[in-house]
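# A closer look at the structure
Below are the chains, spelled out letter by letter.
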Amino acid sequence: MPTKPADLSLRFSAKSARWAICLTALGSLLVATAFSSVAVAQGQQATMQAAERAAMEAQGGPSGYEEMEPGYDDMGMGDDMDMYDAEMENQGMGDPYGESGYGPGYGEQSNSRGGGDFKPSPIVMLEVFQLDWSPLTERVQQVLTSSETSQQPVALGPVLRNEAHVAYRYGNLPLALQLFHGFIARGSDAAEQQMDQIKFSKHFRKPLWHLRVGVSLGIHGDSSTTDPSPITDSGTSRGMGNGEMGMGMDSGMMDMEMDMANSMQGMEDAMREGMAGMEEEMGMGGMDMYEEDMGMAGMGMSGMGMSGMGMSGRGRRNRAAAPLVPKAEMTDSEVSARIEKFLGLVADTVKTGLSKRISDGKFGHALVDVKAESTTQGHTVNGDSVDEAPQPMWIPSVLFVGEGNSRDTIKTAHNLELDLLFHFDVGLKENRMGAVSNISRVKVMDARTGKTLVSSAAMDNTEVERITRVGRGSPAAYVDEQMKSFWAVVDERLTLSDLPTLSPEVARKRVAQVLGDRSMTPLRKLAEIRYYGYRGWLTPDEVEQAFEITGGPDAMKVLHGSESQAIEAIHKLVVQSEVSDS
């Protein structure tokens, strides 16, 4: 039995079809614009010819039309032209050059050769043919916006959990934790999975989902030195040891760098002056006028793709070309660079050790699995982009508290309601030869009491240079040895453990403590109360009573309201907490 031949016609993907539709629409719009421009041009040309003729006649010279073929007037065309002129005047078009026959810029010129040789300048042509490109630019913008909108991340899963992840991805840890606790306080199947990951801190004697950690930097001694000479992987750094030879080489390298920088600056200035001269000679200074006349003033140079051609575009941001979804930056690169400048390998070692303990859940499991590049949680919180946090993150889940001595930074950590503060202490001393001694330590402090829990041994850059020079070890091995006892105490005292089973009586006592704890946000309190109800350690009536005491009507909406009412109430509680903290 013969079979029907397969359909070999082209099949476009959805993406190809969208592009085809966009190109078709743009093509149609271009054709329509071109035809309309031609029609306008023809009308303007007829008007200009009438104006030229009137101007020539007013000056008493040959009009140019009188020198045409014999019989021109006899054919009745002269009357028709007069009627056409009268009609144009009745329509309000008249003489575009004024009664004298000449507009601005042409007032003192005359055309002795007659109207037949009259040729308007390009500027006049631009003034006459003012093409309207706005429909085309608007349509292109609509197409591009539609294309980018389709690529926005689609939020999948619970709204509050997604918003907590979004805030975390964009570097706002306090907001992320508030939304995380609100997600648990609302309660759901997904929230119960997070409830089960609650841990217990032996040091702080409380259950929690996240140990709040901060970091600070203290510098003393010769802090004005240009090169703090921290310990590096190679064991040496600019400004360390080797006496005059080392300093001679360093100063020579610095001189070379300065010469290169000055040369580059001179070249850049010369190029800038040359470009300015070219613009003046070529009349480029009048480009703004051309942009206005051609309907491009609204586009600006950035609208012509200058930002995408290697220019930063900071002075004039092209909103149409800017991405609709801002890039998520979880940590602050400037903070990281600042700490590494003074601590080098010591900072890298602490960063690696602390990051591993956080990702392993030793400081809690809240938000540890969030990835900055995630595309399944959206990019907004309550419909808006995430505000910049007052304190950025140095590494994920660790806030940068600031710079200063530990007495000051621990107070800041306490006010931020942190649990722990990792404080870097750097002592700098520059000798007569310019070599810098860098001795650094790191200690962990209890942000509630201000007491130091553990401190590392001193790490000296000159000692690292010496053992490296004689081949007795590597810089990494030296730093690890000085940090060994430090990490041992951190792991033993601060690692979280499983929360033991509580009796109803103990749970009620704990709830009484929670209700009186002013360091907790309302949503943090509601989350813990909800957990005790979930485990059956509190009755529904006890949970409801504790909710009402904590947050009043808003808390009751979180407990009993619809999903939309609960989300709205949680957002309100977040704002209230932020206002009270400020």
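These notes cover the structure that comes with them. (Residues numbered from 1 in each chain as written. Predicted model: local features only at pLDDT ≥ 70, side-chain atom pairs only at ≥ 80, totals over all residues. Heavy atoms only, no water.)

Another aspect to go through is the pairing of strand β5 (residues 398-403). Burial analysis of β5 places 5 of its 6 residues in the buried class, which makes it a mostly covered element. Note: strand β3 (residues 213-221) against β5, 5 bridges, orientation parallel. Looking across to β5, one finds that Leu 217 is bridged to Glu 403. Connecting the antiparallel pair strand β4 (residues 393-395) and β5 is a turn made up of 2 residues, with Ser 397 showing a positive phi of about 80°. (Buried < 20%, exposed > 50% of the residue type's maximum accessible area, 1.4 Å probe, protein only. Helix = DSSP H or I, 4+ residues; strand = E, 2+ residues; numbered from the N terminus. Pairing = 2+ DSSP bridges.)

Another point: the environment of Leu 217. Relative to the helices and strands, Leu 217 is located in strand β3. Sequence separation between Leu 217 and Gly 404 is 187 residues, and the spatial gap between their C-alpha atoms is 6.3 Å.

Another point: the packing of aromatic side chains. Describing an aromatic ring pair means giving the distance of the ring centres and the angle of the ring planes. Taken as a whole, this structure holds 8 aromatic pairs when the rule is applied. Between Phe 422 and Phe 486, the aromatic rings sit 6.2 Å apart at their centres with planes inclined by 75°, giving edge-to-face as the arrangement. Of this pair, Phe 422 sits in strand β6 (residues 420-430) while Phe 486 is found in helix α14 (residues 475-494), placing the two residues 64 residues apart along the sequence. Both residues of the pair, Phe 422 and Phe 486, belong to the buried class. Aromatic pair Phe 486 and Trp 487: ring centres 5.1 Å apart, planes at 75°, arrangement edge-to-face. (Phe/Tyr/Trp six-rings, centres within 6.5 Å; stacked < 30°, edge-to-face > 60°.)

Attention now moves to the side chain of Asp 446. If you trace the backbone, Asp 446 turns up in strand β7 (residues 436-446). Among the polar contacts listed, one links the side chain of Asp 446 to the side chain of His 203, at a separation of 2.9 Å. Within the structure, the side chain of Asp 446 is placed 2.8 Å from the backbone nitrogen of Arg 448, a separation counted as a polar contact. Each residue touching Asp 446, except ones within four places of it in the same chain, is listed here: His 203, Phe 204, Ile 410, Asp 419, Lys 451 and Leu 453. (Polar contact = N/O pair within 3.5 Å; in protein donor to acceptor, adjacent residues only side chain to side chain. Contact = heavy atoms within 4.5 Å.)

Right, let's talk about helix α11 (residues 345-359) for a bit. The terminal C-alpha atoms of α11 lie 21 Å apart, and with 15 residues this matches the ideal 21 Å at 1.5 Å per residue to within 8%. Inspection of α11 places Leu 345, Val 346, Ala 347, Thr 349, Val 350, Lys 351, Gly 353, Leu 354, Arg 357 and Ile 358 among the buried residues, and these make up the whole buried set. Looking one or two residues past α11, Gly 361 carries a phi angle of roughly 85°, positive in sign. (Expected span 1.5 Å × (residues − 1).)

The subject of this paragraph is the pairing of β3. As defined by bridge partners, β3 adjoins β6 across 9 bridges and the pair is classed as parallel. Paired with His 220 across the strands is Gly 427, a residue of β6.

These figures come from the coordinates and say nothing about function on their own.
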